[in-house]
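Remarks on the overall topology
Spelled out from the first residue to the last, the chains are:
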Amino acid sequence: MIIAYHRPRSLEEAQALLAQPNTRPLGGGTVLARWSGAPIAVVDLQALGWNRIELRGNELDVGATVTLQQLLESGSCPPALKKAIYLEMPLNLRNVATAAGTIVACDGRSPFVTALLALDAKLILADEQETVLPIGEYLPFRPAGLICRIVLPMHVRFAFEHASRTPSDLPLLCVALTQWMTGRTRIAVGGWGTSPALAMDGPEASGYDAAVYNACYHANDERASAEYRKEIAMALARRCLATIEA
Amino acid sequence: MNITLHINGLDHTLDVPPHTTLLTAVRSLGYHSVKFGDEHGLSGADTVLLDGRPINAAVMLAAQAEGHKIATIEALGQHPEQGWKKTEGLHPLQRAFLETGAIQCGYCTPAQILAAKALLDRNPNPTEEEVRQAIAGVLCRCTGYLKPVQAVLRAAAEMRGEIVPEQPQDVAGVAFLDTSAEESSSPAPDSRLPQVATRIMPKVILAPEAKTWQTVGKPEVKVDAVKLVQGKPAFTADIEKRGLLYAKVLRSPHAHARIKHIDVSKAKALPGVAAVLTWKDLPRVVYSTAGQSDPIPGPLDTFSLDNKVRFVGDRVAFVAAETPEIAKQALSLIDVEYEILPAILDMRQAIDNPPVIHDEPEYVNFANSQPHRNLAAEIRIDIGDVEKGFRQADMIFEGEYVVPKVQQAHIEPHVALTYWDEDDRLVIRTSTQVPFHVRRILAPVLGLPIKRIRVIKPRIGGGFGGKQEVLIEDIPAHLTIATGRPVLYEYTREEEFIAARSRHPMRIRLKTGVKRDGTITANEMYVLSDTGAYGCHALTVTGNTGHKAMALYVGDGEYRKSPNIRFYADVVYTNTPPAGAYRGYGVPQGYWAVDRHMEKIARSLGMDPLEFRLKNALRSGEYHPFSTAWNEGREPRPEIIHTVGLEQCVAQGKAAIGWDDKFGNEAWHRSAGPNKRRGIGVALVMQGTAIPYLDMGGASIKMNDDGSFNLLVGATDLGTGSDTVLAQMAAEVLGVPVEDILCYSSDTDFTPFDKGAYASSTTYISGTAVVKAAQMAAERIKLRAAKMLNREANGRPPVQPDKIRLADRKAWAPDGRFVPLAEIALDTLHRSEQEQIMGVASYVSPSSPPPFAAQFAEVTVDLETGAVTVDKLVMAVDSGVIVNPLTASGQVEGGMTQALGYAVCEEMTWDANGRMFQRDFRNYHIFRADEMPELGVIFVETFEPTHPFGVKAVAEIPMDGVAPAVGNAILEAVGVQIDDIPITPEKVWLALRAQAGQSESRI
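Residues numbered from 1 in each chain as written. Chains lettered and ligands numbered in written order. Predicted model: local features only at pLDDT ≥ 70, side-chain atom pairs only at ≥ 80, totals over all residues.

Turning next to the overall build of chain A. When helices and strands are tallied, chain A shows nine helices and twelve strands. The globule rule puts the C-alpha radius of gyration for 246 residues at 18 Å, and the 18 Å found for chain A is close to it. Projecting the C-alpha coordinates of chain A onto the three principal axes gives extents of approximately 50 × 45 × 30 Å. Residues classed as buried in chain A amount to 54% of the 246 residues present. A fraction of 55% describes how many contacts in chain A between residues 6 or more apart in sequence connect residues 24 or more apart. (Helix = DSSP H or I, 4+ residues; strand = E, 2+ residues; numbered from the N terminus. Rg over C-alpha atoms; globule rule 2.2 N^0.38 Å. Buried ≥ 20, exposed ≤ 12 C-beta atoms within 10 Å, placed from the backbone. Contact = placed C-beta atoms within 7 Å.)

Dropping the structure here:
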């Protein structure tokens, strides 16, 4: 149960509050607001001004409390990322759920985080050093620390494909693929488990099919079999490649 | 903590605990339009606008909203006339929802309207797709979204200053199919033509008898629409009681266990806890939760609390406390020691398996229940000589089909509030489809005589059969008895999934004998049906599977005269959440099997699938084959089917979907692009209308001083619009507009008995009662009118009462003289020979005339992923005369949408320990506004002679044919057979892979 609520006006105030035991940062609250576990205090980040989206050179700087809908409506948001955000949750929730909160609370079915993983998003922590944590390193362990920004590469080609039972249902499998100008190709898959999985990050796309196939090796759950996911991952990755090559 | 919320322009300061959600806060302030639908914000019933954007109040802390502008629908518009005070009236969005029939149960309506308002505030000229995306955060289980979307487009046009078409009032000949939404990007204010056409009306092929009516057959606005569109506190949980306690239930973590020891001392000691009840505290009264007439056609196998639990989620203890949070905390303080027993989780392993799920000595058998064998019911029906029919067949086709457990998923959860009134009578205010059954069934359970219980049914936020169950009312009632205080119990969404009722999962085997010319010679179905842990509806649901689905195809020629049909079923207990009533009541299960089977046979014979079906289908003038053999465990009574509009349904449906251009057309199949194939499919179905010789409905009508009428019915409008169609029928008889009929339902103290809303019976059974009551009142009115006219005869011949006609709020003599009904009312109530003009009537039917339908589906299949997109659904249905095409088409659209979920995505599954995987709307997906196929509705009217206005049922039949039509369309698209639903991408992909493997092996 939530036993205390704070809305700090400055980062310093927030950090001081978060240094207290059993205290957690609150983004949009779509997950934490219904907390029913051991007593906690929450620190609402809405007054910190972290709700801006800025294009800085080759990068898109997304504030931690930018809502998913805000990002979806941004002119700087790549179309394929918009598609992933749209699938993440319905409009009402997108109006509240924050970019950082969605990362922190995601499971493996998150289209948005699958897309960020393929984009090799950088999470900027609100510490003195502004520590940069690649999302791929963050997701397996989800270390404590306050995310203040998410940085996305912009001069890349990016595609997202998914298969689901209905057009707006959560994906049984989604594949996100990013290709840099250098040829570097990074593919993430999502749709099961506790986090999206990185299938490959290589200098070129070759071997992508085996990579996504292997990434789904243990992808069994009540919604689909690993056998199915392995096979269609190759098809979806192929479609992603075709999209960016078109 | 103290917070200030700025709601609808007003500041409200509250002292609330930090965990208080915005939903709790706004409802505590009286903004009852904001509803609870689920804990995750996925239902969207909890929508408010925060700084102009729709958000979910259930997943936001109240403190988070401080400093923001909150808007609810209470501030949007209001009734235009409030006595001497005139208001600006309803908002255009509210008016449009009302006029287009976009409201069914109305539970989600405020949320939809707010979401739409947020859109129109930013984008006054949205596309249909933008509207669909904007309201996609609000789930609606009733409407299929077509009419809400059109309402938003209509309101948008009006708000842009464009002329919108009048609400169509007449259904003339073949009308209203069309339906293209024509929108103008540049408004033409001078034009006298409407700028936007709304697609809300179905095509209606009228019965000739319908043309003379004034009200019946017209798209009247729902009688409850004005309050629902304003978000008025009309639902069960929308009242406040001083001293209210909140109930919670401790639920079993085990699928099968005996409670060895239970200690509630710590829970009782928790401050704020008012009562904790276990099985030791309650009288041991065995009963059935099935909301059915007496005697219950099923076993009595349930206790309010027992010393044994039979599924994960079964009841262990009840708590009442000052707040829901304290009650929840108290649950965690109850110590229970279980003796875990072996569990049966697979229906195929149930019969004669040593773990006996019901070993209680109090068990009361019905018909062929055999609890020692884990058999809740057994059905054995033989019609004709089935074995002879098989011997006479040229070919025998056999197949097995599987259907899953699915949830009704009404957006308003089960909720009940109980309290003692000033006469020490127990009041149960509950969201139920069966208020009178609740009273009768709970009386012994609570140790009260029926006369000391009053059940009030307010508006219901959807039911779909899930509330044809006396599911939760006993819990707050026991706690009110224990504490003397009012108690509210509202299911969480998780409880809806783990501890409510669901559609029976079944495994169905079919065997059919056929002549080479396509004549069916014998048809056999065996059903293994899983009732879960309790046998509520076990016999009757599964009986319906055969009774309706196996009745349609009787064969042709000599076989038509004497069909050979066998229907056997075993309904087994398992340690899974109980199944129960769900719209369609066993019939959708049957038609998945029967129609897929018919498709396979037709194709094997090289026959046109529709020609094959129609050749063997039931025709008017023939006996319902099952009526000679089965009647839900009672005496069978043969029944002739008078009206069958099936051929016309097929013709109309084919034309609407373009069947002849698409079926078998390879170019069309490939028209969706590479790696995609399109396909088209059909299913023919029939249902029933009410339960003959059993279910009764009553109505009373009284005339008021102004010539208006109070219509009191026990029938329960669960959002379907039944109050409206009952009012229409009364209005038709009494010659008044619908607005002069004040319909109230239902309260066991005040309204006549009615069996409740189930078995597609309200328009037919309760409607006939209403017509009879109205006719009684009309007779009195005519007598009085004749007297009044003859008083002023002035030498003219006397007027005979039976020659008087009631119309336009007047009683008309043949010579054109008339008396206004208001004058008649004043005369009878005040002036001379005073009397209360009223009528009271009831009706039980000897017939159950089936509606028939042809349901079509168009799909696109992704060859690489197996994903199926359903592009279009068309239903042409013979439901007799349509009393209200707006509400009836809403029923069909909503039913098709639920059935679509049944076809492609909905399924309840559990792990090896019996724990349900699907516990919320994230894991149990129901269709949203932004992913709907195009929907088409056609009514092919017949005049059913057993009803005064010729009606048959419409509510359930839309559930029956969508899944097989989709399955058949997939077959047409890619040539694979899927025999179990839901048709997931993986199943299609596996079938495609197997097909490819076979092709390779042939090469």
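On we go.
Counting its secondary structure elements, chain B contains 25 helices and 34 strands. Its C-alpha atoms put chain B at 90 × 75 × 60 Å along the principal axes. By residue count, 63% of the 1003 residues in chain B fall in the buried class. A fraction of 79% describes how many contacts in chain B between residues 6 or more apart in sequence connect residues 24 or more apart.

Quick look at the domain arrangement of chain A now. As assigned here, chain A comprises domain 1 (2-44), domain 2 (51-153) and domain 3 (156-245). Of note, the centres of domain 1 of chain A and domain 3 of chain A, computed from C-alpha atoms alone, are 35 Å apart. (Domains from an automatic or database assignment.)

Below, the discussion takes up the interface of chain B and chain A. In this assembly, 41 residues from chain B lie in contact with 32 residues from chain A. Listing elements by their share of the side of chain B that touches chain A, those giving two or more residues are β4 (53-56), α4 (128-134) and α25 (985-1002) of chain B. Tallying contributions element by element places β4 of chain B first for the side of chain B that touches chain A, with four residues. A per-class count over the side of chain B that touches chain A returns 18 nonpolar, 14 polar and nine charged. (Nonpolar A, V, L, I, M, F, W, Y, C, P; charged D, E, K, R; others polar.)

This brings us to the nonpolar core. Of all hydrophobic cores here, the largest spans 418 residues; its most connected members are I187 of chain A together with A730 and I970 of chain B. Excluding residues that lie within four positions of it along the chain, I970 of chain B makes contacts with G679, V859, V861, V868, V976, I978, I983 and V988 of chain B. (Core = buried A, V, L, I, M, F, W, Y, C linked by C-beta atoms within 7 Å.)

Residue and element names in this part refer to chain B. With an omega dihedral of -5°, the bond running from D294 to P295 counts as a cis peptide bond. On the secondary structure map, P295 appears in the loop between β11 (273-277) and β12 (308-309). Of the consecutive residues S745 and S746, the connecting peptide bond is found in the cis state with omega at -10°. With respect to the helices, strands and loops of the structure, S746 is situated in the loop between β27 (741-744) and α21 (762-791). In this model, R809 sits at a positive phi of 65°, which is unusual for a non-glycine residue. Given 17 C-beta atoms within 10 Å, R809 falls into the partly exposed group.

Once that is clear, we can look at the domain arrangement of chain B. All names here are of chain B. What the domain assignment reports for chain B is domain 1 (2-75), domain 2 (81-229), domain 3 (245-341 + 408-499), domain 4 (643-687 + 848-1003) and domain 5 (696-844). Averaged C-alpha coordinates put domain 3 and domain 4 at centres separated by 37 Å. Every contact between the two is made by eight residues of domain 3 and, on the other side, eleven residues of domain 4. When grouped by side-chain class, the residues that make up the side of domain 3 that touches domain 4 number six nonpolar, no polar and two charged.

Take the pairing of strand β24 (residues 676-686) of chain B next. Residue and element names in this part refer to chain B. Counting buried positions along β24 yields ten of eleven residues, so the element is predominantly enclosed. Pairing analysis gives eleven bridges linking β24 to strand β32 (residues 852-862), with the strands arranged antiparallel. Of the residues in β32, the one forming a bridge with A683 is Q855. (Pairing = 2+ DSSP bridges.)

Moving on: helix α16 (residues 609-616) of chain B. Residue and element names in this part refer to chain B. Every buried residue belonging to α16 is among P609, F612, R613 and N616, and all of these are buried. Seen from one end, α16 has its buried residues packed into an arc of 95°, which puts them on one side. For α16, the secondary structure elements touched by its buried residues are β22 (520-532), α15 (587-605) and β24. (Arc of directions from axis to C-beta.)

Moving on to the sheet that holds strand β10 (residues 173-180) of chain A. All names here are of chain A. If you trace the four strands from one edge of the open sheet to the other, you get β9-β10-β11-β12, paired in antiparallel fashion. Two strands in the sheet have a free side with no partner beyond their single neighbour: β9 (156-163) and β12 (197-202). Strand-to-strand twist across the sheet, computed as the mean angle between neighbouring axes with direction ignored, equals 10°. In this structure, β10 lies alongside strand β11 (residues 185-190), joined through six bridges in antiparallel fashion. From the neighbouring strand, C174 faces β11, where its bridge partner is G190. Sheet strands in contact with helix α9 (residues 226-245) are β9, β10 and β11, and its direction is about 35° off that of β10. (Axes fitted to C-alpha atoms, helices over the stretch in contact; angles between N-to-C directions.)

Looking now at the environment of E893 of chain B. Residues and elements named next belong to chain B. Positionally, E893 belongs in helix α23 (residues 885-904). Each C-alpha atom, one on E893 and one on I453, is 38 Å from the other, the two residues being 440 residues apart in sequence. Excluding its chain neighbours within four sequence positions, the residues that come into contact with E893 are T143, G144, L146, L935 and V937.

Moving on: helix α2 (residues 92-99) of chain B. Residue and element names in this part refer to chain B. Taking burial as the measure, the eight residues of α2 include eight buried ones, the bulk of the element. Turning to α2, its buried residues are P92, L93, Q94, R95, A96, F97, L98 and E99. Looking at the packing, one finds that the buried side of α2 touches α3 (109-122), α5 (146-159) and α6 (225-229). G101 sits one or two positions beyond α2 and adopts a positive phi of about 70°.

Residues and elements named next belong to chain B. In this structure, C649 sits in helix α17 (residues 646-657). Once the C-alpha coordinates of C649 and D878 are considered, the two residues, 229 residues apart in sequence, prove to be 6.9 Å apart. Excluding residues that lie within four positions of it along the chain, C649 makes contacts with F852, A853, A854, A876, V877, D878 and V940.

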